[in-house]
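Structural features, examined
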Amino acid sequence: MRAMVTARDFDLILQGATGFTGRLAAAELARRAPAGLRWAVAGRDDSRVAELADHLGVSGVVADGLDEAAVDRLAARSRVVLSCAGPFSRYGTPLVEACVRHGTHYGDLTGEMPWIRELIDQHHEACSAAGTTLVPTSGFDCVPTDLAVQAMAASLPEPAPITGFFQVRGGLNGGTLASGMHLYERWTPADFAHPYLLDPQPRASLRAAPPHPGRGFVFPVPALKGWGAPFLMSPVNERVTRRSAALLAEDGQGYGDGFRYDEHLLVGSRLRARMMTGALGVANGLLTRPGGRRLLRFFGPKPGKGPSERSIRDGFARLTLVAGPLEQPAAVRRWNWNGDPSNLITVRCLVQTGLALAAGEARRGGVLTPATALGPRLLERLTGIGAVEEAVTD
Ligand SMILES: NC(=O)c1ccc[n+]([C@@H]2O[C@H](COP(=O)([O-])OP(=O)(O)OC[C@H]3O[C@@H](n4cnc5c(N)ncnc54)[C@H](OP(=O)(O)O)[C@@H]3O)[C@@H](O)[C@H]2O)c1
């Protein structure tokens, strides 16, 4: 049952604030928080939380993610909680449960699909009824894709399949690698292979709209003068976008019967596309095997570490959406996101999600996606702070 909380100490608490993305998110919050927003940083280590809180001139809250009583107190004290404490399927469940109990809106950076499915099964109905908005996937996966597809679908005169192409430059965080490894330790690829894994009714969605017949890993994209290759983040981006379409359809605002979404990397040549495919195959091979994970743990970036300041500043993500056949598109739109995807883009997306939730901009309750929780308003916010601009395409 939802506890009655009449007054809360904070509008927003950022959990996991002492980690690599957490610190960046805390700095972004300090920059963007509107006057009067009561916010705090939180984490598991009291001295590091106190140091960060002092540095930013805000309050600090100590809560280990696995200490149920501590995260319960944390969730009860705030109207909104954002979390950077991942792997989320390892540390995040008690916090989500506490947010549901206290009717606290919540956003995080997870891309751990089977965990999101668990949250949907356990909390979507109750949160829909209570008006509590939970938005996992509030980082680079899956805000840019989900909001761009929503904008594109709304601008089409008739429904059409949409294909997304990312060009990216950025680094890898130790926390992201740890989450990827944890995913494969806890689940098998078959557990998240279903193309409609996150839909309200995955089987019914699959029957109604079998995914696009495979184009193969490498294929030409003449309209964009490039080549398509597999993209690491596509599995989660595609499934979240499909969930958005299904939830919006329940309210009569879906993307139409002809809607499909699939996503790829865009590169300049067939050779490069083959190299990217090979690299992704090697990464998958390492992640899925215990011996491979041992190698990654030894040689890869460690939790708490990430790219250099320069690499974070100089990174980018460019997302081009093509509606209709690739040979003869009905429409092409492109969005340029500034900064390293895993860090600058991610914390800007997360922070604007939290500020929008604190400002009462959520469209409904439930275990939602960026498009269904906040929709075009979130894209406006991100455009307003210069995180993204839409490019003119010829
Ligand atoms: N969606 C995206 O695009 C995106 C981008 C970047 C990162 N991520 C995800 O975000 C998460 C964090 O990434 P990161 O690079 O910031 O990793 P990180 O530097 O290793 O940070 C992990 C955070 O979790 C905290 N933590 C660990 N155990 C905890 C516990 N028992 N209770 C409470 N907090 C605990 C850590 O606390 P300490 O500071 O005390 O160690 C730290 O703050 C990862 O899951 C990653 O996959 C997603």
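Residues numbered from 1 in each chain as written. Predicted model: local features only at pLDDT ≥ 70, side-chain atom pairs only at ≥ 80, totals over all residues. Heavy atoms only, no water.

**Let's talk about the nonpolar core**
Within the largest apolar cluster, 105 residues are counted, with the highest numbers of intra-cluster contacts made by Leu14, Tyr106, Ile162, Leu321, Trp337 and Leu382. In terms of residues, this core owes the most to one element, helix 14 (residues 341-358), which gives 9 residues. For this core, the two domains that each supply at least three residues are domain 1 (10-139 + 346-379) and domain 2 (143-342). When sequence neighbours within four positions are dropped, the list of residues in contact with leucine 14 reads Gly22, Ala25, Ala26, Leu29, Ala40, Val41, Ala42, Leu82, Cys84 and Leu350. Within the second largest apolar cluster, 7 residues are counted, among which are Phe165, Leu224, Leu266 and Leu326. (Core = buried A, V, L, I, M, F, W, Y, C linked by side-chain atoms within 4.5 Å. Buried < 20%, exposed > 50% of the residue type's maximum accessible area, 1.4 Å probe, protein only. Helix = DSSP H or I, 4+ residues; strand = E, 2+ residues; numbered from the N terminus. Domains from an automatic or database assignment. Contact = heavy atoms within 4.5 Å.)

**Quick notes on the domain arrangement of the protein**
Domain boundaries assigned for the protein yield domain 1 (10-139 + 346-379) and domain 2 (143-342). Relative placement of domain 1 and domain 2: their C-alpha centres are 24 Å apart. Listed by partner, the interface residues are 35 residues for domain 1 and 42 residues for domain 2. Of the roughly 3000 Å² buried between domain 1 and domain 2 on both sides combined, carbon and sulfur atoms contribute 65%. For the pair domain 1 and domain 2, the number of links is 1 salt bridge. Across the salt bridge formed by arginine 186 and glutamate 118, the nearest N and O atoms sit 3.6 Å from each other. Secondary structure elements with two or more residues in the side of domain 1 that touches domain 2: helix 1 (20-32), helix 4 (88-91), helix 6 (113-130), helix 14, helix 15 (370-373) and helix 16 (376-384). For the side of domain 1 that touches domain 2, the element with the most residues is helix 6, which contributes 8 residues. Tallied by class, residues from the side of domain 1 that touches domain 2 come to 16 nonpolar, 12 polar and 7 charged. (Buried area = accessible area lost by both parts, 1.4 Å probe. Salt bridge = Lys/Arg side-chain N within 4 Å of Asp/Glu carboxyl O. Nonpolar A, V, L, I, M, F, W, Y, C, P; charged D, E, K, R; others polar.)

**Looking at the pattern of salt bridges**
If charged atoms from side chains of opposite charge come close, those side chains can pair. Enumeration over the complete set of coordinates arrives at 17 salt bridges. For arginine 32, the salt bridge is made with glutamate 28, and the minimal N-O distance between the two is 2.9 Å. Of the two residues, arginine 32 and glutamate 28 are both situated in helix 1; the distance of 4 residues between them amounts to about one turn of the helix. For arginine 32, a relative accessible area of 25% translates into the label partly exposed. On the basis of relative accessibility, which here comes to 1%, the residue glutamate 28 falls in the buried class. Residues aspartate 121 and arginine 117 are paired through a salt bridge, measuring 2.8 Å at the closest nitrogen-oxygen approach. Of the two residues, aspartate 121 and arginine 117 are both situated in helix 6; the distance of 4 residues between them amounts to about one turn of the helix. By relative accessible area, which is 54% here, aspartate 121 ends up exposed. Three or more residues are tied together by salt bridges with common partners; here these are Glu361, Arg377, Glu380 and Arg381.

**Focus: helix 11 (residues 270-288)**
Over its 19 residues, helix 11 runs 27 Å from end to end, which matches the ideal 27 Å to within 8%, given 1.5 Å per residue. What helix 11 keeps buried is the set Ala273, Thr277, Leu280, Gly285 and Leu287. Looking straight down helix 11, one finds its buried side chains confined to an arc of 165 degrees; they lie on one side. Among the exposed residues of helix 11, those oriented more than 90 degrees off its buried face are Leu271, Arg274 and Val282. (Expected span 1.5 Å × (residues − 1). Arc of directions from axis to C-beta.)

**A word on the sheet that holds strand 11 (residues 316-323)**
Strand order across the open sheet formed by 7 strands is 8-9-10-7-11-12-14, with mixed pairing between neighbours. Each edge of the open sheet is held by one strand with a lone partner, namely strand 8 (219-221) and strand 14 (388-391). In this sheet, neighbouring strand axes are inclined to one another by 30 degrees on average, regardless of whether the strands run parallel or antiparallel. As judged from the 5 bridges shared by strand 7 (residues 162-169) and strand 10 (residues 261-267), these two strands associate in the parallel manner. Residue pairing in the sheet places threonine 163 in a bridge with aspartate 262 of strand 10. Lying over the sheet, helix 11 contacts strand 9 (226-229) and strand 10, oriented at roughly 15 degrees with respect to strand 9. Relative to the sheet, helix 14 contacts strand 7, strand 11 and strand 12 (331-338), its axis offset from that of strand 12 by approximately 100 degrees. (Pairing = 2+ DSSP bridges. Axes fitted to C-alpha atoms, helices over the stretch in contact; angles between N-to-C directions.)

**Topic: the pairing of strand 9**
Pairing between strand 8 and strand 9: 3 bridges, direction antiparallel. Note on strand 9: the bridge partner recorded for phenylalanine 219 is glycine 228.

**Section: helix 5 (residues 93-102)**
Of all the 10 residues making up helix 5, 7 are buried; the element is thus mostly covered by neighbouring parts of the structure. Turning to helix 5, its buried residues are Pro94, Leu95, Val96, Ala98, Cys99, Val100 and His102. Downstream of helix 5 by a residue or two, glycine 103 has a phi angle that is positive, lying close to 65 degrees.

**What about the sheet that holds strand 5 (residues 105-108)?**
The strand order across the open sheet built from 7 strands is 3-2-1-4-5-6-13, with neighbouring strands paired in parallel fashion. Both outer strands of the open sheet, strand 3 (59-62) and strand 13 (366-367), are each paired with one neighbouring strand and no more. Where strand 1 (residues 10-15) lies against strand 4 (residues 78-83), 5 bridges are found, and the strand directions are parallel. Paired with glutamine 15 across the strands is serine 83, a residue of strand 4. Most of the contacts of helix 1 go to strand 1, to which it runs at about 155 degrees, and overall it touches strand 1 and strand 2 (39-43).

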